Amino acid sequence: MKKGENTRNSLQQEKTRSSFSGKLGYVLAVAGSAVGLGNIWRFPYLAAKYGGGIFLLTYLVLMLTFGYALIVSETALGRMTKKSPVGAFAAFGNRFWFRFGGWINAVIPMLIVPYYSVIGGWVVKYLFEHIRGSASALAEDGYFTNFIANGFEAEFWFLLFSVLVTAVLFAGVKQGVERVSKVMMPLLVILAVFVAIYSMTRPGAWKGVTYFLVPNFKHFSWMTVVAAMGQMFYSLSIAMGILYTYGSYIKDDVDIEKSTKQVEVFDTAIAMLAGLMIIPAVFAFSGGDPDTLKAGPSLMFITIPKVFASMGFGTGAGIVFFLLVLLAALTSAISLAESGVSTFEDQLGISRRKSVLLMGAVILLFGSVSALGFGALDFVSLLGMSILDFFDFLTNSLMMPLAALATCILVTRVVGLKKLAQEVEKSSDFKRKKMYCFFMRYLAPICIVTILFSSIANVLGWISM
Ligand code: PFF
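Keep in mind that what you see is a predicted model, and the values were worked out from it rather than measured.

Next up on the list: the overall build of the protein chain. Across its full length, the protein chain holds 21 helices and 0 strands. Taken along the three principal axes of its C-alpha coordinates, the protein chain extends 60 × 50 × 45 Å. Expressed as a percentage of its 465 residues, the buried residues of the protein chain come to 56%. Approximately 19200 Å² of the protein chain is accessible, and the part contributed by carbon and sulfur atoms is 65%. A distance of 9 Å separates the average location of the 38 positive side-chain charges in the protein chain from that of its 26 negative side-chain charges.

This is the structure:
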């Protein structure tokens, strides 16, 4: 194609819908949205809690089959319709089911970003304390529990993080932040490799390495599968409308199959690296204490400061680490919030300014109750969970399976697997087509429905997982 023609085409494209600058731009954008607190904070604590190696194995199998099929579907549907989730579903019909499918995909990011910002606030607090030179205090037992129990402090750091997110959306400097973060991400990887090696070579840490990497069927429970599936959605940004939107920006020459593979490899590598930083440290610094292993959301904040405090240069390492994690968290929170803002703009027909304010209000309300849930509101227990855990459960274990089910039904019953495969084949030889079709038609719906019902039955106390 001649240069002039190229420019004309891209101008034309620009007028209708913004698009990524190229194939690499697209992969980097998706990887940027995928890598975040989900990899560094969430994956290690779930792996520690739900069986180590057996969790990892379950996660890998789910990601390569089910996750792969869903990423391909959502991206192809976005490219086919050139719409975000609400519009993409509406493009095929206007019955209740279509509207439900679109909206549930669109609402999930709005519910995640408030509690994501609470964790973001914890990261800012730990960065601040390292800068202040309090690395050894952070490493003391009970520090983290006391911190989150102090509602005022947790609320303060949450507000700081959310003001940052909202300010970036207001100022329209989102791309600037993303550019900075793209440069910083390789640094995060280098530092993570370094910390992982340090933590794996501490005395007693090897037991943690084998716990994390070697599957032991004794540790398997049904909850391992439920948690691994929720984590897969979360980490790869599946079942939250994001990939529809990204798909709508790409041109026909992007090989969806190949880019999906690249994003999966990258995202999993970072999660495993985080696991290798944190889980061996539980064994080296807390003697593999089962309570610490099951610490849940607090695991990274309990363990990592102990690793840094034991280094000769822990303050410097702590500052760099929490700064890089903060950047990863910030870019992810911004893209989650941005997805909410564009849904408000498109569906409510309000201005960008008003949409940002509305998103800010949602973050403030749900985030504050989550932040205070370990302090002033600690008497509130929703289905036996703290408020933050409840939002995590609501989105990951209930809403995302429903959103994924809606996508499966749309692909198999409405659009048709053949038409979807044709969309992918525009730029790929779609080697895994047979597996893809089998998975979308049979396994995915069965998995989703079983998992959905078992997580409901579990919280209602009908079964114990
Ligand atoms: N996948 C991100 C993580 O693992 O932290 C979470 C996320 C960020 C999901 C941004 C969606 C998104 F748009």
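From this point, things continue past the structure.
Contact geometry for helix α16 (residues 299-309) and helix α17 (residues 314-348): axes closest at 9 Å, N-to-C directions at 145°. Between α16 and α17, the contacting residues are M300, F301, I304 and F308 on the first element and G314, A317, G318, F321, F322 and V325 on the second.

Here we come to the packing of helix α6 (residues 96-131) against helix α18 (residues 352-372). Where α6 meets α18, the axes come as close as 8 Å, and the angle between the chain directions of the two elements is 55°. One element, α6, and the other, α18, form an angle in the oblique class. Handedness of the crossing formed by α6 with α18: right-handed. Between α6 and α18, the contacting residues are M110, L111, V113, P114, Y115, S117 and V118 on the first element and M359, V362, I363, F366, G367, S370 and A371 on the second. Looking at the contact of α6 with α18, its residues break down into 11 nonpolar, 3 polar and no charged.

This brings us to the packing of aromatic side chains. For the coordinates displayed, the defined rule picks out 31 aromatic pairs. What links up through ring pairs into an aromatic cluster is the set W122, Y126, Y143, F144, F147, F301, F308, F321, F322 and F374. The aromatic ring of Y198 is capped on one face by R202, whose charged end is 3.9 Å from the ring centroid. Against the face of Y68 rests R432, its NZ or CZ located 3.8 Å from the ring centre.

Further remarks concern a nonpolar patch on the surface. Together, L57, V61, F217, F220 and W222 make up an exposed nonpolar region whose accessible area comes to about 500 Å². Positionally, F220 belongs in the loop between α11 (206-213) and α12 (222-235).

Here we come to the layout of surface pockets. Size it by volume and the second largest pocket reaches roughly 630 Å³. Taken together, 28 residues form the lining of the second largest pocket, with Y45, K49, Y50, P297 and D389 sitting closest to its centre. Among the elements of the structure, α3 (37-49), α8 (143-149), α12, α19 (387-415) and α21 (433-459) are those that each provide at least two residues to the lining of the second largest pocket. Across the lining of the second largest pocket, the residue classes break down as 15 nonpolar, 9 polar and 4 charged.

Tallying each qualifying case throughout the model produces 3 cavities of 30 Å³ or more. Roughly 140 Å³ of internal volume is contained in the largest cavity. The wall of the largest cavity is formed by 16 residues, among which S33, Y116, Y234, S237 and L336 lie closest to the centre. Where the lining of the largest cavity is concerned, the elements lending two or more residues are α2 (23-34), α3, α6, α12 and α17. In terms of residue class, the lining of the largest cavity is built from 8 nonpolar, 8 polar and no charged.

For T65, the location among the structural elements is in helix α4 (residues 53-81). A distance of 2.7 Å separates a polar atom in the side chain of T65 from the backbone oxygen of V61. Residues within four places of T65 in sequence aside, it is in contact with M435 and F439.

The local shell around the ligand holds 15 residues, among which A34, G38, Y116, Y234 and I242 are the closest. Within the backbone of A34, a nitrogen or oxygen atom sits 3.0 Å from a nitrogen atom of the ligand. In the environment of the ligand, a nitrogen atom lies 3.2 Å from a nitrogen or oxygen atom belonging to the side chain of S237. Out of a free accessible area of 330 Å², the ligand has 99% covered by protein chains.

Right, let's talk about the nonpolar core for a bit. Ranked by size, the top nonpolar core spans 150 residues in total, and within it F66, M232, F233, F301, F322 and Y436 carry the most contacts. Excluding its chain neighbours within four sequence positions, the residues that come into contact with F66 are M229, M232, F233, F439, A444 and I448.

Once that is clear, we can look at the environment of Y126. Within the element layout of this structure, Y126 appears in helix α6. Y126 sits in the buried class, given a relative accessible area of 0%. Once you skip the residues sitting within four places of it in the chain, Y126 turns out to touch L138, Y143, F144, F147, F301, P305 and F322.

What follows is about the pattern of salt bridges. For the coordinates displayed, the defined rule picks out 12 salt bridges. With a shortest N-O distance of 2.7 Å, R42 and D392 are connected by a salt bridge. Here D392 lies in helix α19 and R42 lies in helix α3, a separation of 350 residues in the sequence. We note that R42, like D392, is buried. We note a salt bridge from K125 to E129, for which the minimum N-O separation is 3.0 Å. Placement of both K125 and E129 in helix α6 is noted, with a separation of 4 residues, approximately one turn of the helix. Like K125, the residue E129 is buried in the burial classification. In this structure, a network of salt bridges that share partners links the residues R79, D252, E423 and K426.

Cut-offs used in this document
- Residue numbers run consecutively from 1 along every chain, following the written order of its sequence.
- In view of the model being predicted, local features appear only for residues whose pLDDT reaches at least 70, and side-chain atom pairs are presented and counted only at 80 or more, with totals across whole chains, interfaces and linings using the full set of residues.
- Hydrogens and water are ignored here; the side-chain numbers use all heavy atoms of the structure.
- Note on conventions: DSSP H or I runs of at least 4 residues are helices, E runs of at least 2 residues are strands, and numbering of each starts at the N terminus.
- A 1.4 Å probe rolled over the protein chains alone gives each residue an accessible area, and that area as a share of the maximum for its type sets the label: buried under 20%, exposed over 50%, partly exposed in between.
- A 1.4 Å probe and the Shrake-Rupley method give the accessible areas. Residues count as covered only by the protein chains that appear here.
- Counted as positive: Lys and Arg. Counted as negative: Asp and Glu, with His and the chain ends omitted from the count.
- Where a charge sits is defined by one atom per residue type, namely NZ (Lys), CZ (Arg), CG (Asp) or CD (Glu).
- Axis angles are defined between N-to-C directions and span 0 to 180 degrees, where every axis is a line fitted to C-alpha atoms and, for a helix, only to the segment in contact.
- Throughout, a residue-residue contact means that at least one pair of heavy atoms, one from each residue, lies within 4.5 Å.
- Throughout, the term roughly parallel applies to angles under 35 degrees, roughly antiparallel to angles over 145, roughly perpendicular to angles from 65 to 115, and oblique to all others.
- Crossings are sorted by hand: turned counterclockwise from the far helix by less than a right angle, the near helix makes the crossing left-handed, and turned clockwise it makes it right-handed.
- We call Asp, Glu, Lys and Arg charged. Ala, Val, Leu, Ile, Met, Phe, Trp, Tyr, Cys and Pro are nonpolar, and the rest, Gly among them, are polar.
- Centres within 6.5 Å are what make two rings of Phe, Tyr or Trp a pair, Trp counting through its six-membered ring; a difference in plane orientation under 30 degrees is then read as stacked, over 60 as edge-to-face, and the rest as tilted.
- Remark: a charge is flagged as sitting over a ring if the NZ atom of Lys or the CZ atom of Arg is within 6 Å of the ring centre and within 35 degrees of the ring normal.
- Exposure above 30% relative accessible area and the absence of a salt bridge qualify a residue for a patch, where like charges join within 9 Å and nonpolar side chains (Val, Leu, Ile, Met, Phe, Trp, Tyr) within 5 Å.
- Every case where a carboxyl oxygen of Asp or Glu lies within 4 Å of a side-chain nitrogen of Lys or Arg is listed as a salt bridge.
- The definitions used throughout rest on a 1 Å grid laid over the protein atoms alone, on which a cavity is an enclosed set of points accommodating a 1.4 Å probe that cannot get out and a pocket is an open set flanked by protein within 12 Å on both sides along at least five of seven lines; lining residues are those having an atom within 4 Å of a point.
- Grid points are joined across faces, edges and corners, and a volume is the space filled by probe spheres set on the points.
- N or O atoms closer than or at 3.5 Å make up a polar contact, with two conditions inside protein: a donor-capable atom paired with an acceptor-capable one, and, for residues adjacent in sequence, both atoms drawn from side chains.
- Throughout, the term near means that a residue has one or more heavy atoms lying within 4 Å of the molecule or strand in question.
- Residue types Ala, Val, Leu, Ile, Met, Phe, Trp, Tyr and Cys, when buried and joined through side-chain atoms within 4.5 Å, form a set referred to as a nonpolar core.

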